Every structure is written in structure tokens, then in C-alpha cells.
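Remarks on the overall topology
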Amino acid sequence: MRTLEQHLADLEIRLDEPGAKLSRDPSDGSYAVLATTHIPSLAVVASAPKSATLSPRTSALAPHLASLPTELAASPTLALASCVLYESLLGAQSRWSVYLAHLPRDVSAVAGIWASESAPMQWVRGTELEREIARVGVSHSTLSALYSTLLLPFLTPLLPPSAPEPTLDLFLAAYAHVTSRAFLIDTFHRLALVPLFDLFNHSTDSPHVHLESHEWVCAICGHWSWCEHERDDDPAGAPTDATTAPVRSTEDEDERIELVAHADVAAGTEIFNTYGEALSNARLLIEYGFLSEANPWDVSIFSLDEVLGRSSDLSEPTLLVRALVRQARGEDDSGDGPLTAAAGREGGEIFFDADAKVSVALWCALVCRHGGARGDDAGLHALLDECWDDAQELEEEEGDDEMEAMKAEGTSEDRMVLDLVARDIINLARGRRTDARVHRPDLSPADLLALADEETDRATHLALEFAAGERLRLLCVEERWSNLRRFLSIRR
């Protein structure tokens, strides 16, 4: 660790807060940053010159990036991965050689680079993770094609004679390091690896620090104050490709980025960063290679066609349209109830969440399907909440007398629509759980976790844990909405 600390000092990257200390676990080589004393909110915990970050602007590959194939240059992630691969092949000639040598060599846990026929991918077929990879649009096969047809021919003539042969595995490792460690710096550098900053681990619930930087800088030279490229109609300068000029050498070169505490950090605790908001376990596994226990952002997402059927004829489609528009604008929190989730993700998403609640969009879509002629779902929505509150109370009662004694609000038509909505939700969950693509649908979540405990391959272990979590979520949806259906049948 002393070698890394000296390397950071040479790059003028430092822990500014005296109470912050870099720590390394000797059992697995992982790093963490600990608070040895109380660290107050707003303290600058760490800082680094922008010029010390590894970006397409600072890399030794920068002078050649104007010729980088468009398919790679247009993606900040792929452009940076190309630079990271080049720097790693330079070995000791790279300015970041010590930093790169300290990066984990085993990146197999990052699901974004899993091959389609690999054992881990077998266990997550038909799951939200496979669907998220499709939504991202980058997979092992696409990375392999980009490497062999575009990047390898571009890099090979630029490497010094002493450099080792580039390989697909090295490129996949570079890509995994970028997805799991890069920071968005500003409009000039775009994505960059920041030594030390990437050693702060992620917390979903209680992160302590966040990155602060002058983000809107000149896209041509990187100045955050006035420069010769400034125009009245575009203070940040004309947009430019990240493959043009290398980093500038001016009085602004040592402008620093900072990790600033936004909450007090108690002595003796680990200092956490957050890698992003609303990250589901599918996203965490694809980009970072780990899972977060009891992740509140885990969801199962559906398309409108899956929910309504391609030939569906809604009697009142404007109700759904209005709901989707309200949610997209972040104006609709009316869905926060016992079995419906308030808008907390991207507007209009149709999903179940980790608590077996359904999104406002899913609720409205099914109400439209079965009760859209009413023109307004407010009454049904309120009845759903009341029904679930009563159903929760019924779980604590014994015997049919108490059930029969409880009175229902609303009309028989309301209850019929609610029953149909609940039926469709159950069928969606069951259909996803028993999909033909799902591997070994006969195994319970407990069975999958038992297999995970015995698995020695890290990637397969994580895949099994992910599959177990998704099946448990879908079973929870089936159980909770089946309970509601049973309750509704009692009240008729």
C-alpha cells in the first residue's frame, strides 16, 4: 500500500481530511476509507487535480483519438476503456502504471462482460438482469465485435515494440474497470478514472460523500472561467468530440475535484460514497459486480404490451395517458399506498418493486383495462388502500365471524375490477417466474441460495444470489395479491 500512497502523492491526489485513513483488507486485498475521528459535514475529504485523472484528454492516447472509430469515440465509456487498455499495455511507461497495477485483476463479477453461454448467464436468463443488459445495449458479444473489428486494428500500430499483445480479455477488464470505477468529471474530460476516489465503497442507504467539480467548462480547452472559445450564445464553448485536443496546459490545469462530506461521519466508521441513485441490483451487478442486500430499487419491469396485450382495446385510454404524463413530470405521488408505489423511478415505468407494490403506471394500465369506463380511478385507488388495510387486520383475526362482520366500502363493480386487477398482477409475476427462458424454474429461492453457498466461482455465486432474489420478489407479489383476492371473495 505504501507504493500506492507514494503514487497518489506524486499525482498530488490526497486525503484532505486528517481523520480519513486508507485501509486495506489483507484477506482479499480490498480497500476502504475509514474515519479515525469525527468528520463534520461539508468537510473536503479527498481532492485531486483534474489533470491527474485518467481520461481521454489526459491519456497518452489523446493525440491519436481523432482517428478513433466513431462507434468507440461516441461512447464515453468505450472511449475511456480504449484509453485504459492502451495505458495498461504501456506498463511502466504509463503515468498511471502504479494505479493500474493496483486495480483488481479479477473482474469476472461484472455481469456486463459475461458471455452469453457462460454459467453465470445461464442462471440469470429470463430475469431482470438479462433484460437490463438488453436495455443497455452493450454485451459481451458487442464488446467482442467492437474490439476485434475496430479497436484492435486502431491500437496495434500505436503500441511500442516492447508492449505485450492486446487481448480481448484485457479490453473486457478495461471496460469493467470503467463501468465500475469511472466518475463524470466535466464537459471536457467527460468520464475519467480517479485514483483514490474509486476506493470509497458504495452505500445505498447512507453515503457520506459526493463528488464536487466545475462541470460546465469549455468543451474545447477545459477552462471553467472565460476563455477564447467563449461565445455569447454558448458560454461553455462550442461542443466538440472528446477525441480532439489533449488536456490544456494553463493556469487552470491544477483545478481540483473534491469528495465532500454531505453528512457527519462518526469516528470508527467506513466513509461511503454512492455510485448513483436508484440503482437496482441488476444495474449494480452489470456495472459494478456486486449486489446490495435488501435493495429497495429492485424491480421487475414490464412493457405495456406485456400488461395489456398487443390487441387490447382500452375503453378509456386517456386515463392511462394522463397518469403516465403526470408520473413522467414527477407530479404524481398519489400511488403511495399499501400495494401501490409512488413515482420514484423513471416516469411511466411499469413495474413491481421490492415490497410487491406496483407502479402508478401499472396500476392505471390495469384499471383502464378493466374499469376504464368509469373515467376516474380515484375511487378504485382509495378502495385498494382500504381493502389492503383491512386485509392486514384480517391476518391477525381468527375465524370467519370476524371476516363476515367487516363491512366493505365501494360497489360490487369496484370489487370485481379490483379482483381482475389483482388476477392480472399475479399472472404477470407467475409468467415472469416460469418463463421458458428461466433456468431451473422448479428451484425455490432457498434452493438457489443453497447452491450459491456451495459455488466457488464468484460470478456464478452472484448470479445465483440474483436469481434467488428475483424469484423471492415475484413469489411475494403472487402471495400478497392472492391474499387480496381471497379477501375480496370474502367481502362479496
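Here goes a summary of the coordinates provided. On a predicted model such as this, the values are computed, not experimentally measured, just so you know.

Thoughts on the layout of surface pockets
Vacant regions in the atomic arrangement are exposed by a probe of water-molecule size rolled over the atoms. Taken as a whole, the largest pocket holds about 1000 Å³ of empty space. Taken together, 32 residues line the largest pocket, and the ones lying closest to its centre are Ser-30, Tyr-31, Pro-104, Arg-181 and Asn-201. For the lining of the largest pocket, the elements supplying multiple residues, two or more each, are helix H4 (97-101) and helix H8 (168-181). Grouping the constituent residues of the lining of the largest pocket by class yields 17 nonpolar, nine polar and six charged.

Looking at the sheet that holds strand E8 (residues 256-261)
Reading across the sheet, the four strands line up as E1-E4-E8-E7 and stay open at both edges, with antiparallel pairing between neighbours. Each of the sheet's edge strands pairs with one partner strand only, and the pair in question is strand E1 (14-15) and strand E7 (209-212). Bridge analysis of strand E4 (residues 44-49) against E8 gives five bridges, and the strand direction is antiparallel. The residue bridging Ala-48 from the neighbouring strand is Ile-257, located in E8.

Looking at the nonpolar core
With 71 residues, the main nonpolar core has Leu-151, Phe-197 and Ile-271 as its most contacted residues. If one sorts the elements of this core by residue count, helix H3 (residues 76-90) sits on top with 10 residues. Formed by 28 residues, the second largest nonpolar core is a distinct cluster that contains Val-307, Phe-352, Trp-363 and Ala-429.

A short note on the side chain of Arg-57
By the element assignment, Arg-57 lies in the loop between E4 and helix H2 (70-73). Under the relative-accessibility criterion, Arg-57 is labelled buried at 2%. A distance of 3.1 Å separates a polar side-chain atom of Arg-57 from the backbone oxygen of Phe-188. Within polar-contact distance, the side chain of Arg-57 engages the backbone oxygen of Ala-219 at 2.9 Å.

A few points about the environment of Pro-166
Relative to the helices and strands, Pro-166 resides in the loop between helix H7 (140-155) and H8. With relative accessibility at 11%, the residue Pro-166 sits in the buried group. When the C-alpha positions of Pro-166 and Leu-155 are compared, they lie 8.5 Å apart, and in sequence the two are 11 residues distant. Excluding residues within four positions of it along the chain, Pro-166 makes contact with Leu-89, Tyr-147, Leu-152 and Leu-159.

Digging into the pattern of salt bridges
Applying the stated criterion across every chain, the model contains 17 salt bridges. The salt bridge involving Glu-128 is made with Arg-432; its shortest N-O contact spans 3.3 Å. Note that Glu-128 is positioned in helix H6 (residues 128-136) and Arg-432 in helix H15 (residues 412-433), a separation of 304 residues in sequence. Its relative accessible area of 3% is what places Glu-128 among the buried residues. Here Arg-432 falls in the buried class, since its relative accessible area comes to 3%. Here Glu-287 and Arg-283 are joined by a salt bridge, their closest N and O atoms 2.8 Å apart. Residue Glu-287 and its partner Arg-283 are located together in helix H9 (residues 281-287), separated by four residues, close to a single helical turn.

Conventions used here
- Residues numbered from 1 in each chain as written.
- Predicted model: local features only at pLDDT ≥ 70, side-chain atom pairs only at ≥ 80, totals over all residues.
- Heavy atoms only, no water.
- 1 Å grid on protein atoms, 1.4 Å probe; cavity = no way out; pocket = protein on both sides within 12 Å on 5 of 7 lines; lining within 4 Å.
- Points joined across faces, edges and corners; volume = space filled by probe spheres on them.
- Helix = DSSP H or I, 4+ residues; strand = E, 2+ residues; numbered from the N terminus.
- Nonpolar A, V, L, I, M, F, W, Y, C, P; charged D, E, K, R; others polar.
- Pairing = 2+ DSSP bridges.
- Core = buried A, V, L, I, M, F, W, Y, C linked by side-chain atoms within 4.5 Å.
- Buried < 20%, exposed > 50% of the residue type's maximum accessible area, 1.4 Å probe, protein only.
- Polar contact = N/O pair within 3.5 Å; in protein donor to acceptor, adjacent residues only side chain to side chain.
- Contact = heavy atoms within 4.5 Å.
- Salt bridge = Lys/Arg side-chain N within 4 Å of Asp/Glu carboxyl O.

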